[in-house]
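Fold and contact review
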Amino acid sequence: MSLKKIDKIVNKERKDIMQMALKLSEETGELSEAILSLTQASGSKYKNLGYADALEECVDVILISYALFQKLNEETDYAFDFNDILDTIISKWLKKIDD
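The text that follows walks through the structure, step by step, so that each part is easy to find. (Residues numbered from 1 in each chain as written. Predicted model: local features only at pLDDT ≥ 70, side-chain atom pairs only at ≥ 80, totals over all residues. Heavy atoms only, no water.)

Turning next to the side chain of Glu57. If you trace the backbone, Glu57 turns up in helix H3 (residues 51–74). Buried charge Glu57 goes without a salt bridge, the closest partner of opposite sign being Lys23 at 8.1 Å. Residue contacts for Glu57: discarding those within four places in its chain leaves Glu27, Glu30, Leu31 and Ala34. (Helix = DSSP H or I, 4+ residues; strand = E, 2+ residues; numbered from the N terminus. Buried < 20%, exposed > 50% of the residue type's maximum accessible area, 1.4 Å probe, protein only. Lys, Arg positive; Asp, Glu negative; His and termini not counted. Salt bridge = Lys/Arg side-chain N within 4 Å of Asp/Glu carboxyl O. Contact = heavy atoms within 4.5 Å.)

Core analysis: the biggest nonpolar cluster contains 10 residues, these being Ile6, Val10, Met20, Leu24, Leu31, Val61, Ile64, Tyr66, Ala67 and Leu68. Among the elements of the structure, helix H1 (3–12), helix H2 (17–38) and H3 are those that each provide at least two residues to this core. Contact partners of Leu68, with chain neighbours within four places excluded, come to Ile17, Met20, Ala21 and Leu24. (Core = buried A, V, L, I, M, F, W, Y, C linked by side-chain atoms within 4.5 Å.)

Time to look at the packing of H1 against H3. Where H1 meets H3, the closest approach of the two axes is 10 Å, and the angle between their N-to-C directions is 65°. Taken together, the axis directions place H1 and H3 in an arrangement best described as roughly perpendicular. Classified by chirality, the crossing of H3 by H1 is right-handed. Between H1 and H3, the residues in contact are Leu3, Ile6, Asp7, Val10 and Asn11 and Leu63, Tyr66, Ala67, Gln70, Lys71 and Glu74, respectively. Taken together, the residues of the contact of H1 with H3 sort by class into six nonpolar, two polar and three charged. (Axes fitted to C-alpha atoms, helices over the stretch in contact; angles between N-to-C directions. Parallel < 35°, antiparallel > 145°, perpendicular 65-115°, else oblique. Left-handed = near helix turned anticlockwise from the far one by under 90°. Nonpolar A, V, L, I, M, F, W, Y, C, P; charged D, E, K, R; others polar.)

Remember, this is a structural readout, not a statement about activity or role.
So this is what it looks like as structure tokens:
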């Protein structure tokens, strides 16, 4: 699925920025829960969540993060380009790895 298709879905999203931020927090918690279960952390083994569950939660976090980015971007006077910011962040990561 392309970012353009995701953008169409985001445009239909009725949640405001605060609600989306809370949704992101919820999804991050679900990812943490899946990782705890996957690694059989104390008190989490009974949930029996595996790699597929953790990977699905990763995608949820990515999609909600992207949707929140787009919503925030709608409220600015300047339209930030996701790909430009992504390239900047990747460059920073690579620099840290190379150091």
